[in-house]
Amino acid sequence: MSWLDADDLPPFTVEHPDGSSPYVLTCDHASRRLPSRLGHLGLSDEALETHVAWDIGAAGVVRRLADALDAFLIMTNYSRLAIDCNRPPGSADSIVARSERTEIPGNRGVSSDEMEARANALFHPYHDRIRAELDARRDRKQPAVLLALHSFTPAYHGVERPWHAGLLYGRDSRLGRVLLELLRAEPGLNVGDNEPYAVSDRTDYAIPVHGERRGIPNAGLEIRQDLIADADRQAAWAARLAPLLEIALVKLPPH
Ligand SMILES: [Zn+2]
């Protein structure tokens, strides 16, 4: 018997599987859906609509970007509350019992067997698919540039965040710095340099594992969620970003 129900969606969705763009786009927190066996994890419908469950607006932007660029895109189909696909499994933040000020009753005292079951059902299939795509590109000598799309809350623990967007990068700053410069040249944008988050092996997964360890250019792009909360604004951000991402490929320094 599988952990996901017959009526549940598969763990992830791929769009443009044969995309011609060097970009491999990921969206770890695309969905607020929960697998049926987890119910609502004891949360209200209202709580499940907030950033606690997903990256508001991120999927709407990245899908349009993938269309504009003809880029491979992979998105999770389940909430980070089931298991966070951007944390190493077993780490403290992989399955959280508390997020900012929200308690998640269904994640209290999760056993190691349950952790493993969630990782096997949701986390590993998603990352195995990313790995397979990057392996296939390496084998057919198609370039790969990894870009992880996220969104962040306008305030965290009561502190306002001044940025409209942020570029995140760790050991490999090539793509992050080029995109930072391009976005900062846009009028009226306050763009964070490794803000509101910095990349680390403890708090990230796709960038260190699929980007840095493979030596392919990589970065995370964070957009403030209130700026991409509806379809019109998601389309506007995708339209703004698509040409900048194309320019970034030309400007990208060789390894
Ligand atoms: Zn995210």
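Above this text is the structure in question.
What this report covers is the structure whose coordinates are included nearby. (Residues numbered from 1 in each chain as written. Predicted model: local features only at pLDDT ≥ 70, side-chain atom pairs only at ≥ 80, totals over all residues. Heavy atoms only, no water.)

### Some points on the side chain of Thr 76
Here Thr 76 lies in strand E3 (residues 72-76). Reaching out from Thr 76, the side chain makes a polar contact with the backbone oxygen of Asp 28 at a distance of 2.8 Å. At 3.4 Å, the side chain of Thr 76 forms a polar contact with the backbone nitrogen of Ala 30. Here Thr 76 is in contact with Pro 11, Phe 12, Cys 27, Asp 28, His 29, Ala 30, Ser 31, Cys 85 and Tyr 126, once residues within four sequence places are set aside. (Helix = DSSP H or I, 4+ residues; strand = E, 2+ residues; numbered from the N terminus. Polar contact = N/O pair within 3.5 Å; in protein donor to acceptor, adjacent residues only side chain to side chain. Contact = heavy atoms within 4.5 Å.)

### Observations regarding the pairing of strand E6 (residues 145-152)
Counting buried positions along E6 yields eight of eight residues, so the element is predominantly enclosed. What you see with E6 is no split at all: Val 145, Leu 147, Leu 149 and Ser 151 on one side and Leu 146, Ala 148, His 150 and Phe 152 on the other are buried throughout. Two strands pair when backbone bridges link them, and strand E2 (residues 23-27) and E6 are joined in this way by four bridges, in the parallel orientation. Opposite Val 24, over in E6, you have Leu 146 as the bridge partner. Examined bridge by bridge, E6 and strand E11 (residues 218-224) share seven bridges and lie parallel to one another. Paired with Phe 152 across the two strands is Arg 224, which belongs to E11. (Buried < 20%, exposed > 50% of the residue type's maximum accessible area, 1.4 Å probe, protein only. Pairing = 2+ DSSP bridges.)

### Observations concerning the coordination of the zinc ion
All of the protein donors around the zinc ion are His 29 (ND1), Asp 55 (OD) and His 150 (ND1); their distances to the metal are 2.0 to 2.1 Å. Between the donor residues of the zinc ion, the gaps in sequence give the motif H-x25-D-x94-H. You can see Asp 55 sitting in the loop between helix H1 (45-48) and helix H2 (58-69) and its partner His 150 sitting in strand E6, a full 95 residues away along the chain. Of the residues examined, His 150 reaches a relative accessible area of 7% and is grouped as buried. (Donors = N, O, S within 2.8 Å, 3.2 Å for Na, K, Ca; no water.)

### Examining the environment of Arg 213
Its location among the elements puts Arg 213 in the loop between helix H5 (206-212) and E11. Since its relative accessible area comes to 70%, Arg 213 is described here as exposed. Along the chain, Arg 213 and Asp 172 lie 41 residues apart, while their C-alpha atoms are 9.9 Å from each other.

### A look at the pattern of salt bridges
This model, assessed by the stated rule, comprises 20 salt bridges. Note that Arg 138 and Asp 135 form a salt bridge whose closest N and O atoms lie 3.3 Å from each other. Here Asp 135 and Arg 138 lie together in helix H3 (residues 112-140), a separation of three residues that amounts to about one turn. Between Asp 201 and Arg 171 there is a salt bridge, with the nearest N and O atoms lying 2.7 Å from each other. Taken together, the positions of Asp 201 in the loop between strand E10 (191-193) and H5 and Arg 171 in the loop between strand E9 (165-168) and helix H4 (174-184) put the pair 30 residues apart, joining distant regions of the chain. The partly exposed category is assigned to Asp 201, whose relative accessible area is 42%. The exposed category is assigned to Arg 171, whose relative accessible area is 61%. Bridged by salt links that share partners, the residues Arg 129, Glu 133, Arg 137 and Arg 140 form one connected network. (Salt bridge = Lys/Arg side-chain N within 4 Å of Asp/Glu carboxyl O.)

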